Amino acid sequence: MQIADTFSNGGLPPSSGGGAFLPDIASQLRQQQERHQRILRWRAFASWWYPVVLIILGSALAITLAATLGTTYPLPLFAAFMGLPVFFLLIKRVDFSLLLLAAGTTAIAPKLVTVKSAEIFPCQVLIAILFCTLLVQAAFRTHKISLPPLRAIWPQLGLFILAIISNVMIQFTWTHGVPKKLNNNPIIYDEILGVISFTFPLIVYTIVTMIVSVKERYVVYIQRIFIMLGIFVALVVVYDFRRIGADIYTFRFSEPHIFWMSLRAIAQLLALTCILAYARFLYATTWLQRIIYLVIALLSLTTVILTLENSWWVEAFIALIVMTIIYSWRLISFYIVLAIPLLPFAKAEYTKLQTVKSADSSRLIIWVDALRVWSKQPVLGVGPGNFWVYDQVFTNLPRACLLYTSDAADDLTR
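Each chain has its residues counted from 1, running along the sequence as written. Under the rules for a predicted model, residues below a pLDDT of 70 receive no local features and side-chain atom pairs below 80 are neither given nor counted, while totals for whole chains, interfaces and linings still include all residues. Neither water nor hydrogens contribute to the side-chain values; these are computed over all heavy atoms in the structure.

Outline the overall build of the protein chain, supporting the account with residue identities and numerical values.
Scanning the protein chain from terminus to terminus reveals 18 helices and six strands. Throughout this description, buried means an accessible area under 20% of the type-specific maximum (1.4 Å probe, protein chains only), exposed means over 50%, and partly exposed covers the range between. For the protein chain, with 414 residues in total, the buried portion stands at 29%. Throughout, a contact is declared for two residues whenever any of their heavy atoms are within 4.5 Å. Sequence-distant contacts, at least 24 apart, represent 69% of the contacts inside the protein chain between residues at least 6 apart. Entry remark: accessible area of the protein chain is about 27500 Å², with carbon and sulfur atoms responsible for 71%. Numbering of helices and strands runs from the N terminus, with a helix taken as a DSSP run of H or I at least four residues long and a strand as a DSSP run of E at least two residues long. For the accessible areas, the method is Shrake-Rupley and the probe is 1.4 Å, while residue cover comes only from the protein chains on display.

Here is the structure:
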């Protein structure tokens, strides 16, 4: 009978005594809806109040800085505000920042600012930003923690430890009567900068390992960036070479810089490009790739020779020889046979080069002074940044023994 009544009412409970529950259910639903709305409003307020406060404070700070410093330092303030979006992009995309870091270590990156004797470059700023960002991401477990193995970083780690030890010991073994100043600045500043510079390889190792361990393809991208920038710099060297009507010996003394780029940094990038292009030439799979990479390697090698930066073109030649020997003994034999007819020409050019590079005889004096400094501190050294000061002291040691006043000691230091 009850079942029949239920179906007769359209599936609802019987009308007798059951209709009183409907207003209670409706009121409960309204109360729950109001409660949810209050929760949503509170959550919205909790998530938006601090951005609003930060926007207000930032606007007030911008107005204050514009009123007080805008007329005095307009360009730095403009650069700082324009750099904020770039800063957030670097934090958001650490993989893209790594590519910028690779480009910033080359000659095309100009110097940002000079603070006393320290020169700040873009790569140093990028290293600090990337390292701090990766530390924060590793702390919140949003990025994989991958540190370089000890077998790869032990030389840099050992140099860093020795730099700290030598800087500590030099405070106890400093020559009596000679002030710890260089150009009226405490020598401790150079010592601190020297120790900090030894941390850069370790930090770069950590940054590259943590990013590349997630995206291994970026190793190839970094190599391509170096090759493309090397081609650009090589063309710049050729252009400037023709612009000033130079010969092979001109850059030795007349061109320490080409535009904003240091000639030493240019030679470093060209040597690296030559090595990378030659390695790709050896392992290219098609003749078109071999021809392209061979042209790039020859262009880089030629321009690095034009710079007459000894260490870099010698390093490039040694690297090419070692890679060729490892790749194939037949290929190195072919190169030797091919170079035999060029020996008279190479000998004549070497003779001309020696006449131009007669100033390099002063290197012997530097080496003798370095041995003298080493003989005074053979185990722990004199610390980073202190060689020049100790060279002056030890070279003029008889005179230094007669000087006890601070004014005379300052003259000696200068």
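From this point, the discussion proceeds with the structure in view.
How would you sum up helix α9 (residues 218-243)? Please name residues and give values.
With 26 residues, α9 should cover 38 Å at 1.5 Å per step; its first-to-last C-alpha distance of 37 Å lies within 8% of that length. Following α9 by one or two positions, glycine 245 has its phi on the positive side, about 60°. A helix is expected to reach a length of 1.5 Å times the quantity of its residues less one.

Lay out the packing of aromatic side chains in plain terms, naming residues and giving numbers.
Here a pair means two rings of Phe, Tyr or Trp (six-membered ring of Trp) with centres within 6.5 Å. Their orientation is stacked below 30 degrees between planes, edge-to-face above 60, and tilted elsewhere. According to the stated counting rule, one finds five aromatic pairs in the structure shown. Look at tyrosine 283 and tyrosine 327: their rings are 5.2 Å apart centre to centre, the planes differ by 85°, and that puts the pair in the edge-to-face class. Residue tyrosine 283 is located in the loop between α10 (263-282) and α11 (287-307), and its partner tyrosine 327 is located in helix α12 (residues 310-327); the two are separated by 44 residues in the primary sequence. Given a relative accessible area of 59%, tyrosine 283 falls into the exposed group. Its relative accessible area of 34% is what places tyrosine 327 among the partly exposed residues. Ring geometry for tryptophan 313 against phenylalanine 317: centres 5.9 Å apart, planes inclined by 85°, an arrangement best described as edge-to-face. With tryptophan 313 and phenylalanine 317 both in helix α12 and four residues apart, the pair spans about one turn of that helix. Judged by relative accessible area, which is 22%, tryptophan 313 ranks as partly exposed.

Go over α12, please, and point to the residues and values.
For α12, with 18 residues, the first-to-last C-alpha span of 26 Å sits near the 26 Å given by 1.5 Å per residue. Within α12, burial applies to Asn310, Trp312, Ala316, Ala319, Leu320 and Thr324.

Please set out the environment of alanine 319 residue by residue, giving values where relevant.
Within the fold, alanine 319 resides in helix α12. With a relative accessible area of 18%, alanine 319 lands in the buried category. For the pair alanine 319 and tyrosine 278, spaced 41 residues apart in the sequence, the C-alpha separation amounts to 9.6 Å.

I'd love a proper account of the pattern of salt bridges, names of residues and values included.
Just to be clear on terms, a salt bridge is a Lys or Arg side-chain nitrogen sitting within 4 Å of an Asp or Glu carboxyl oxygen. Using the criterion set out here, one finds two salt bridges in the structure. We note a salt bridge from aspartate 95 to arginine 93, for which the minimum N-O separation is 3.2 Å. Classification of aspartate 95 by relative accessible area gives buried; the value is 6%. A salt bridge links lysine 215 to aspartate 95; the shortest N-O distance between them is 2.6 Å. Of the two residues, lysine 215 is situated in the loop between α8 (200-212) and α9 and aspartate 95 in helix α4 (residues 94-104); the sequence distance between them amounts to 120 residues.

Requested: an account of the side chain of threonine 273, with residues and values cited.
Position of threonine 273 among the secondary structure elements: in helix α10. When near neighbours in sequence (up to four residues on either side) are disregarded, threonine 273 contacts Phe226, Ile227, Gly230, Ile296 and Ser300.

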